[in-house]
Amino acid sequence: MPKKRMPSFRIGRLGVPELTSLLIIYSVSDVFLSYPSRIVTEGATSGWMIPLLAGVIVLVVWLVIDRILKKTKTTNVIESLATWVPFPLISVVLLILSIFILLQTSLILREFTEAVIATVLPNTPPPIVALTFLLVVIYFSTKGVEVISRAALMFMYSFIAGMVLLLVLPLSWFHTVQLLPIWGNGIKNIAAYGMINTSTFYQILILLFLSPALRKESLRTKVGIYSIIVSAVLVSAFVIVLLGTFTMPVTEKMTYPIYQLSRIIYVSRFIQRLEAIFVFIWTSAAVIKMGLGLWFTAYLFAYAQKIPVYRPLIFIFALILYMLTFLPPDLPTVLSLAGSIYETYGGLITILLPVLLVLFGYFRTPTAKLRYQQEEGRRG
Amino acid sequence: MWWDNWKHLFAINQVTLDHEFKLGEEGNTEGIGDAPVGGKPVSVGQALRPTPGYSHHTHAVQNHFTMPKFISPDMRTNRVTLQHLFYLPENMDIVLREFRLGGPHVATVLAVFVDGLVDKAIINSHLLEPLMLLANLDESQPEMKLVDWIKGALLPGNQIMELDTWDGVMQNVLAGSTVILIEGVDKGISVETKGWEHRQVSVSQTEAVVRGPHDAFTENFRSNTGLIRARLRTPKLITKIVQVGKLARTDVAIMYIKDLTNPKLVNEVLRRIENLDVDYLPDTGMLEQLIEDPPLGVVPRFLATERPDRVTYGLTEGQVAILVGHTPYVLMAPIMLWSLMQAPEDAYLRWPFGAFIRTIRYLAMGMGLLLPSFYIAVTNFHPEMLPTDLMLAIAASRERVPFPVVFEVLMMEFSLELIREAGIRIPSVIGPTIGIVGALILGQAAVAAGIISPLLIIVVAVTALGSFTIPDYNLGFTVRVLRFGYIISAAFLGFYGICLGLMVLLAHLVSLNSLGVPMLAPIAPKGRSSPDIIWRAPAFQMVRRPEALGSKNVIRLGSPRRLGTRDPHDKN
């Protein structure tokens, strides 16, 4: 039987603004769900420092990884690994990544469905909400990452405008004193949770696979830096506004704190209760995030199994996603899974695994060997 | 009796059945009669009527005739060939006019043209008169070749072409030229005598402006190319003409500017048009549907305009213009979605006004697309968004209405579409009636009957105004059709449904290409362009052509600083 070759998918061209927008939306959209209340629970009044610290850590890791990739002249990590690692090993790594993203997407879909029902469509059955949403997500995924990234860029303008409005309009309720004590539960606590929350930054993982679609290798660095900084600052800004508006004890008990934030907006008789408007931003961001998640799942799986096409897999994974979504019995279980497993140990996949892959490559690629031999030769 | 006129046809058939022969074989022209020489030109149908001395061949002749490729020097053979080429005498508007050439050469000449396509005054004064009468005055050229003499000295027509083949004869005659065949010469001479009736250049009907030129394309192919060339006086403006259609050919012109337009783009347009396998191409609307890619979707991928100034400007941007014969609309491609929302006037007005009306237009499009669905979403799902007083007012106005909001909206939108469609189809004499009927139905009567709420009339009216504001007719249709989709999605899922619908539309739009150029460029994908997308910047800042078009020269204007500081006396 002839040996199957590694598939080579045409994923189109991605520009810097498109990919940066996509990465920002992918990382920040969690803020519309229960993520901010968990940060406040972890960091108390200093919760806003956690995303900033996590962002700094991820940024440093990214700069190191990027430097190594440049030194080893690696553009496509998988293809580079395939030259000296047996394919079954690569296949296992890709399968782990694919399953991780699928499970994470299913958790978010469930949380999102519950959020829509709890906030804007209280009388609609959850399967209807999830199914209609999933149909749109499938449409996005089948269009491919190029279209998803362009849609992300188009949406980015209204996303940023909505974020700014959401941060500015409730300021009449803001009290700076509610941010005190400034260090919350202590610096050690901030450092520990800062490290753990690096799991919510997916930039490194995604960039490892999507950066070959950029026009130049040097643009990869820029995309990583911009997206990590903007994501960290946006999440942190939301936590500051939530703490200053609702106080720490109230925020940590809210299931959807950003929704509550939009409910209290009252600028005048005609600018009030804008939560329905913000449904647009939440839903759009969720569509983009889950569209990419579903696409990534199918893409990585096809790579892992050497399947020459990935689009047909999207429908299969969408069905699995729908089933997984309703597997947890209730919302508290979903929140518990998201907080105690995904956010706590997700960093192993989103940060540690890319680091290991790249370091492994650094010490095994011919360039590294050559350099080692040259150095040995110089030493005599 | 009415069938008396047709009796002779049966007689003809009888004759030919008894008298079969194969035409196209050298010298086999037996039985071909001569058309009247001189006198009143008659159509072949008349000329070949069964009179003594004439034999005619219709069905049987056509059955066995082998069409020669080249023109014969024998006039009888040529006549028979013409008879079969144009299905004579069945075809009654093809005219064969045979006459004797004056002057030193004694020859019989046959002029072929289509009645109705030619200017008879040109034929009389520039063709028949010189050949029959003025040829006698020139005694100096007997030693010249006959064709050269006729072409050089006798035919004052501005476009004259020598033809060798019957295909050329056919194409020229059907295009409105007159072809002359001369006894003893195996060539034909085509003289340009086009002169069919057509509408004169008039005011633009669908893209009217206050400031700017008012002329519009007509149904005359050559007038249309001329209107463009008159504005764009450069030899680099290239007009390529191809013919499309197997049954009947239609001229299709592709215009572009050499050394500016992306040659790959021109080749792609040509490739798509030349590969068309259609019987007949009636209009640019059909061509657009046949060459757009992907073929499905509700968003237009070409800009159809009837304004020469718009085409001219598009050409200078690096676009390609496609003209189809007898169509007053010209296609421009590639386009971006934003160009469908732009009117020529935007550029002619000062930039704040241009930017202002463009903003109004985008808001109007948003209303035209989403206002009814927003109304449904707010009243059905999210009433908390409204201030209490307004909410109570809406509730009070709907108190007497027995229908759900969605039914009310659909009913009104359907009525509006009826009025719009009837307004187009109705004869102009009774046109004002539709306004009165519409106002009565949609207005006071419906409210008084208690089947709709007064607020909904405002919503529907503003929606209609919004959709009328869209400058592109095709995009207006897109908005009209999609509006119903959003109404349905809002009825089921409120804002959530609208949002999902908008995301589907967004994904569709970002995936669309117009001849390979992304429709949402230069926003997504991000590209370099002048500030002329949603808002319009001052004219002196329009330095760059859109990068996405791939023009060879991206800069179209000197930089503002240079323009501002340049010394007018400095020739360097």
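Residues numbered from 1 in each chain as written. Chains lettered and ligands numbered in written order. Predicted model: local features only at pLDDT ≥ 70, side-chain atom pairs only at ≥ 80, totals over all residues.

1. Observations concerning the overall build of chain B
Phase 1 of the analysis: Assigned secondary structure in chain B consists of 19 helices and 12 strands.
Phase 2 of the analysis: The buried share of chain B, reckoned over its 572 residues, is 39%.
Phase 3 of the analysis: Counting contacts in chain B only where the partners sit at least 6 residues apart, residues at least 24 apart contribute 67% of the total. (Helix = DSSP H or I, 4+ residues; strand = E, 2+ residues; numbered from the N terminus. Buried ≥ 20, exposed ≤ 12 C-beta atoms within 10 Å, placed from the backbone. Contact = placed C-beta atoms within 7 Å.)

2. A few points about the packing of helix H5 (residues 87–119) of chain A against helix H13 (residues 275–304) of chain A
Residues and elements named next belong to chain A.
Phase 1 of the analysis: In contact at an axis separation of 9 Å, H5 and H13 are set at 160 degrees when each is read in the N-to-C sense. Classified by the interaxial angle, the pair formed by H5 and H13 is roughly antiparallel. Here the hand of the crossing between H5 and H13 comes out left-handed.
Phase 2 of the analysis: Here the residues of the contact of H5 with H13 are counted per class, giving 16 nonpolar, 7 polar and 2 charged. (Axes fitted to C-alpha atoms, helices over the stretch in contact; angles between N-to-C directions. Parallel < 35°, antiparallel > 145°, perpendicular 65-115°, else oblique. Left-handed = near helix turned anticlockwise from the far one by under 90°. Nonpolar A, V, L, I, M, F, W, Y, C, P; charged D, E, K, R; others polar.)

3. Focus: unusual backbone geometry
What is expected of a backbone is that most residues other than glycine have negative phi and most peptide bonds are trans.
Phase 1 of the analysis: With an omega of 5 degrees, the peptide bond between Ala 521 of chain B and Pro 522 of chain B qualifies as cis.
Phase 2 of the analysis: Along the polypeptide, Pro 522 of chain B turns up in the loop between strand S12 (517–518) and helix H19 (560–565).
Phase 3 of the analysis: For the bond running from Ala 524 of chain B to Pro 525 of chain B, omega is 5 degrees, close enough to zero to count as cis.
Phase 4 of the analysis: Relative to the helices and strands, Pro 525 of chain B resides in the loop between S12 and H19.
Phase 5 of the analysis: Although it is not a glycine, Thr 247 of chain A adopts a positive phi angle of roughly 75 degrees.

4. Here we look at the pairing of strand S5 (residues 188–191) of chain B
Residues and elements named next belong to chain B.
Phase 1 of the analysis: A two-sided burial pattern is seen for S5, the buried positions comprising Gly 188 and Ser 190 on one face and Ile 189 and Val 191 on the other.
Phase 2 of the analysis: Where strand S4 (residues 178–182) lies against S5, 4 bridges are found, and the strand directions are antiparallel. Note that in S5 the partner of Val 179 across the bridge is Ser 190.
Phase 3 of the analysis: Between S4 and S5, which pair antiparallel one after the other, the connecting turn spans 5 residues, and Gly 184 there sits at a positive phi close to 85 degrees. (Pairing = 2+ DSSP bridges.)

5. Brief notes about the nonpolar core
Phase 1 of the analysis: Core analysis: the biggest nonpolar cluster contains 210 residues, and Ile 148, Ala 151 and Ala 298 of chain A together with Ala 321 and Ile 322 of chain B have the highest contact counts within it.
Phase 2 of the analysis: Sort the elements by how many residues they give to this core and H13 of chain A lands first, with 21 residues.
Phase 3 of the analysis: Both domains that furnish three or more residues to this core are identified here as domain 2 (221–335) and domain 3 (349–518) of chain B.
Phase 4 of the analysis: When near neighbours in sequence (up to four residues on either side) are disregarded, Ile 148 of chain A contacts Leu 22, Phe 140, Lys 143, Ile 288, Gly 291, Leu 292 and Trp 295 of chain A.
Phase 5 of the analysis: Counting 35 residues, the second-largest nonpolar core is a separate cluster that includes Val 169, Val 173, Ile 180 and Val 191 of chain B. (Core = buried A, V, L, I, M, F, W, Y, C linked by C-beta atoms within 7 Å. Domains from an automatic or database assignment.)

6. Examining the confidence of the model for chain A
Phase 1 of the analysis: Confidence along chain A averages 88 in pLDDT terms, with 94% of residues attaining 70 or more.
Phase 2 of the analysis: The least confident element of chain A is helix H17 (residues 366–379) of chain A, whose mean pLDDT is 59; the most confident is helix H14 (residues 311–325) of chain A, at 95. (pLDDT = per-residue confidence, 0-100.)

7. Here's the deal with the domain arrangement of chain B
Residue and element names in this part refer to chain B.
Phase 1 of the analysis: Domain annotation of chain B identifies domain 1 (2–191), domain 2 (221–335) and domain 3 (349–518).
Phase 2 of the analysis: Here the C-alpha centre of domain 3 lies 34 Å away from the C-alpha centre of domain 2.
Phase 3 of the analysis: Taken together, the 15 residues of domain 2 in the interface contact 14 residues of domain 3.
Phase 4 of the analysis: Broken down by secondary-structure element, the contributors of at least two residues to the side of domain 2 that touches domain 3 are helix H9 (263–274) and strand S8 (303–305).

8. Remarks on the environment of Gln 171 of chain B
Residue and element names in this part refer to chain B.
Phase 1 of the analysis: Mapped onto the secondary structure, Gln 171 falls in helix H7 (residues 166–174).
Phase 2 of the analysis: Its 16 C-beta neighbours within 10 Å are what place Gln 171 among the partly exposed residues.
Phase 3 of the analysis: As a C-alpha pair, Gln 171 and Arg 249 span 78 residues in sequence and 8.7 Å in three-dimensional space.

9. Focus: the sheet that holds S4 of chain B
All names here are of chain B.
Phase 1 of the analysis: Pairing is antiparallel across the open sheet formed by 5 strands, whose spatial order is S1-S2-S4-S5-S3. Among the strands making up the open sheet, the edge pair consists of strand S1 (94–100) and strand S3 (160–163). Neighbour-to-neighbour, the strand axes of the sheet open up by a mean angle of 25 degrees, direction not taken into account.
Phase 2 of the analysis: By the bridge criterion, 4 bridges tie strand S2 (residues 108–114) to S4 in an arrangement that is antiparallel. By the bridge assignment, Leu 110 is partnered in S4 with Leu 181.
Phase 3 of the analysis: Relative to the sheet, helix H4 (residues 75–85) contacts S1, S2 and S4, its axis offset from that of S2 by approximately 15 degrees.

10. Here we look at the pairing of S2 of chain B
A regular strand places its side chains so that they alternate between the two faces of the sheet.
Residues and elements named next belong to chain B.
Phase 1 of the analysis: Of all 7 residues in S2, 6 are buried; the element is thus mostly enclosed.
Phase 2 of the analysis: Here 7 bridges tie S1 to S2, and the two strands are oriented antiparallel to one another. Considered in S2, the bridge of Ile 94 is made with Val 114.

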